[in-house]
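# Inside the fold
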Amino acid sequence: MRTNSGLAEDLLIELDRDAGVPLHRQIEASIRASIRAGRLRAGASLPPTRTLAAGLGVSRGVVVEAYQQLVAEGYLASRSGGYTQVAASMPPAAAAGGAGSEASTAQPAARSVGFSVGFRVDFGYGRTDVSQFPRTAWLRSVRTVLTTTPNDRFAYLDGRGVPELRQALCDYLNRVRGTLAVPGNVVICNGYGQGISLLIQVLARRGARRIALEDPSSDDDARVLAGAAGLDVVGIPVGPDGVQVDALDLADADALVLTPSHQWPTGGVLSAAARAEVIRWARRRGAIVVEDDYDAEYRYDRSPVGAMQGLAPDHVVYCGTASKTLAPGLRLGWMVVPPHLVADVAAAKLLADRGSSVIDQLTFADFLGRGEFDRHLRRMRPVYRRRRDALLHALRTHLPDLRLAGIAAGQHVVAWLPPDLDEAAVVAAAARHGLGIQGVGPFRIAGAGPGGLIFGYAILSESAIAEGVALLATAIREVRGS
């Protein structure tokens, strides 16, 4: 039975209850199409979830799930007071073309973006469930900052950031991640992207010629920025347990960027012996190790893995961010920098933008100090674990010949393909069936290696995960010709 929503505050949505497509997906698709076609303009307010649910004859949870997905994709924005608006700007992928365009079947290009428009289900990596942002606790910290902060804190400050946040981060990182951080060596930045940019600029000015990256690794930050700074980029092969340290001496590199606690994308954990060997290499060469600790807070089936910075604070730059734990839109990141680089990195930060938002820094400092960050992580770990478990169950049920890796932590899983399946063919077939998924291949530096798929699951419901794996199984049968 097809039902038209009528007006529901002038928002026309058609639902076909016999279509076999979940109702929240139909609502998402209708609103998404209206925004792309210009029927819903930037800044337009959407009906409250209760009002729209009543008009459509569905439960409020169905509408909430649709709104949350569109917020995560960048089509909608939640505003203070609980109302939802069309976002001020279209997501980049949406501007490139509609669901039927070539853009919708291409692989997403970047770890930090990781989504496309027009898919029924999208396993693109890099999206945190921003619908879970702790608004009430954050607002309490904002109010505290605005009512108690001395006036001089709102002036231009040290390029390292406000001392309150640097101290709060040291307390947290030393307690939870095993760092040896002191406030004077912490630099606040606008996320990891700016942090690695500042570091590369400083290293290049200090005479660095070559930077080593894990192979495969993200292609949207260090790789691009190093090339722009005139540095040679060399890939270090990654095995099941992270980077192959015996290849470092041949790399002749001045710096090495690692994700040792959960290698991106393969999920390997660098062993204690390998970490020690990396540190010995850095000391022999006088090199810098950049530790990208991008998702260490989310672990499910293993004990915590300490940060490398605690082993060699004079050679390791520790990089962290709130993007995976709270929301990427905060643009909050931090670096614990070796003492001999602090002044140069802080100067580069001042030159870049005169410093990050003081109010946001002080708010996060209060948020950390109250224990709200710890409480938020304790609340979110079981949420992401349930989604991961749903993904593992679906893959093991429908695609048992895929070899899973990196499952013990983070917000993504890698599945290695058997030799008879071509990665690019599987990704293309999946797109034809309405499934967005990335392959490992585009993130390789040397260009060779086994085929694999990257499943980001952070923002997907358990039912959407099951639907996505079923679509993938259909696509793989098509590739195999069965």
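Residues numbered from 1 in each chain as written. Predicted model: local features only at pLDDT ≥ 70, side-chain atom pairs only at ≥ 80, totals over all residues. Heavy atoms only, no water.

## A short note on the overall build of the protein
Secondary structure assignment for the protein yields 15 helices and 18 strands. Here the C-alpha atoms of the protein give a radius of gyration of 23 Å, agreeing with the 23 Å that 2.2 N^0.38 yields for 482 residues. Each principal axis of the C-alpha atoms in the protein carries an extent, and together these give about 70 × 60 × 40 Å. Sorting the 482 residues of the protein into buried and exposed places 55% on the buried side. Within the protein, counting contacts between residues at least 6 apart in sequence, those at least 24 apart form 71% of the total. For the protein, the exposed surface amounts to about 19,500 Å²; the carbon and sulfur share of it is 53%. (Helix = DSSP H or I, 4+ residues; strand = E, 2+ residues; numbered from the N terminus. Rg over C-alpha atoms; globule rule 2.2 N^0.38 Å. Buried < 20%, exposed > 50% of the residue type's maximum accessible area, 1.4 Å probe, protein only. Contact = heavy atoms within 4.5 Å. Areas by Shrake-Rupley, 256 points an atom, 1.4 Å probe, with all protein chains shown as cover.)

## As for the nonpolar core
Core analysis: the largest hydrophobic core is formed by 71 residues, its most contacted members being F123, W138, L326, F364, L391, F455 and L472. Those residues in contact with F364 that lie beyond four places of it in its chain are W138, L165, L169, L326, L332, W334 and F373. (Core = buried A, V, L, I, M, F, W, Y, C linked by side-chain atoms within 4.5 Å.)

## Details of the pairing of strand β12 (residues 316-321)
For β12, the tally of buried residues reaches six of six residues, placing the bulk of the element in the interior. Residues V316, Y318 and G320 line one face of β12 and the alternating positions V317, C319 and T321 line the opposite face, and both faces are buried. Judged from the four bridges that link them, strand β11 (residues 288-292) and β12 form a sheet pairing that is parallel. Note on β12: the bridge partner recorded for V290 is V317. Alignment of β12 against strand β13 (residues 333-336), held across four bridges, turns out to be antiparallel. Each bridged residue has a counterpart across the sheet, and for G320 the counterpart in β13 is W334. (Pairing = 2+ DSSP bridges.)

## Quick look at the pattern of salt bridges
Side chains that differ in charge, positive against negative, can pair when their charged atoms come close. Scanning the model with the defined rule gives 26 salt bridges in all. Among the ionic pairs, E372 bridges to R140, the shortest N-O distance being 3.0 Å. Note that E372 is positioned in helix α13 (residues 372-398) and R140 in helix α5 (residues 135-148), a separation of 232 residues in sequence. Take E372: its relative accessible area is 13%, and that puts it in the buried class. Exposure remark for R140: the relative accessible area of 36% places this residue in the partly exposed category. By sharing partners, the salt bridges in this structure join R209, D252, D254 and R285 into a single network. (Salt bridge = Lys/Arg side-chain N within 4 Å of Asp/Glu carboxyl O.)

## What about unusual backbone geometry?
Where the residue is not glycine, phi is negative for most of them; where a peptide bond is considered, it is trans in most cases. The residue after D215, namely P216, is reached through a cis peptide bond having omega 10°. Within the secondary structure, P216 is located in the loop between β7 (210-215) and α8 (222-228). For the bond running from W264 to P265, omega is 10°, close enough to zero to count as cis. Note that P265 resides in the loop between β10 (255-258) and α10 (272-285).

## Points about the packing of aromatic side chains
Counted according to the given criterion, the structure contains 11 aromatic pairs. An angle of 35° between the planes, with centres 6.4 Å apart, marks the rings of W138 and F364 as tilted. Taken together, the residues span a long stretch of sequence, with W138 in helix α5 and F364 in helix α12 (residues 358-369) at a distance of 226 residues. Taking relative accessible area as the criterion, W138 reaches 9% and is therefore assigned buried. Taken together, the aromatic side chains of F133, W138, Y172, W334, F364, F367 and F373 make up a single cluster linked through ring pairs. (Phe/Tyr/Trp six-rings, centres within 6.5 Å; stacked < 30°, edge-to-face > 60°.)

## Things to note about the sheet that holds strand β9 (residues 242-243)
Taking strand neighbours across the sheet as the criterion, the eight strands line up as β6-β13-β12-β11-β10-β7-β8-β9 in an open arrangement whose pairing is mixed. Strand pairing shows two members of the sheet lacking a second neighbour, β6 (186-189) and β9, which therefore form its edges. In this fold helix α6 (residues 163-176) packs onto β6, β12 and β13, with an angle of close to 110° to the strand it touches most, β6. (Axes fitted to C-alpha atoms, helices over the stretch in contact; angles between N-to-C directions.)

## Some details on the confidence of the model for the protein
Here the protein averages 88 in pLDDT, and 91% of its residues register 70 or above. The low-confidence segment residues 1-10 (pLDDT under 50) makes 26 contacts with residues lying over four places distant or belonging to another chain. Across residues 93-117, confidence stays below pLDDT 50; counting only partners more than four residues off in sequence or on other chains, it has 58 contacts. (pLDDT = per-residue confidence, 0-100.)

## Some thoughts on a nonpolar patch on the surface
On the surface, L146, F154 and I359 cluster together to form a nonpolar patch covering roughly 260 Å² of accessible area. Structurally, L146 is set in helix α5. With relative accessibility at 52%, the residue L146 sits in the exposed group. (Patch = residues over 30% accessible without salt bridge, like charges linked within 9 Å, V, L, I, M, F, W, Y side chains within 5 Å.)

## Overview of the sheet that holds strand β14 (residues 403-405)
Taken together, four strands build an open sheet; the order of strands is β14-β15-β18-β17 and the sheet is antiparallel. Among the strands making up the open sheet, the edge pair consists of β14 and β17 (438-439). Alignment of strand β15 (residues 412-416) against strand β18 (residues 452-456), held across five bridges, turns out to be antiparallel. Across the sheet, residue A415 finds its bridge partner in β18, namely L453.

## A word on the environment of A155
Along the polypeptide, A155 turns up in the loop between α5 and α6. A155 sits 310 residues away from I465 along the chain, and the two C-alpha atoms are 47 Å apart.

## Comments concerning the packing of α6 against α12
The geometry of α6 relative to α12 is characterised by a closest axis approach of 8 Å and an angle of 35° between their N-to-C directions. Here α6 and α12 pass one another in a crossing that is left-handed. Between α6 and α12, the residues in contact are E164, L165, A168, L169 and Y172 and Q361, L362, F364, A365 and L368, respectively. Grouping the constituent residues of the contact of α6 with α12 by class yields eight nonpolar, one polar and one charged. (Left-handed = near helix turned anticlockwise from the far one by under 90°. Nonpolar A, V, L, I, M, F, W, Y, C, P; charged D, E, K, R; others polar.)

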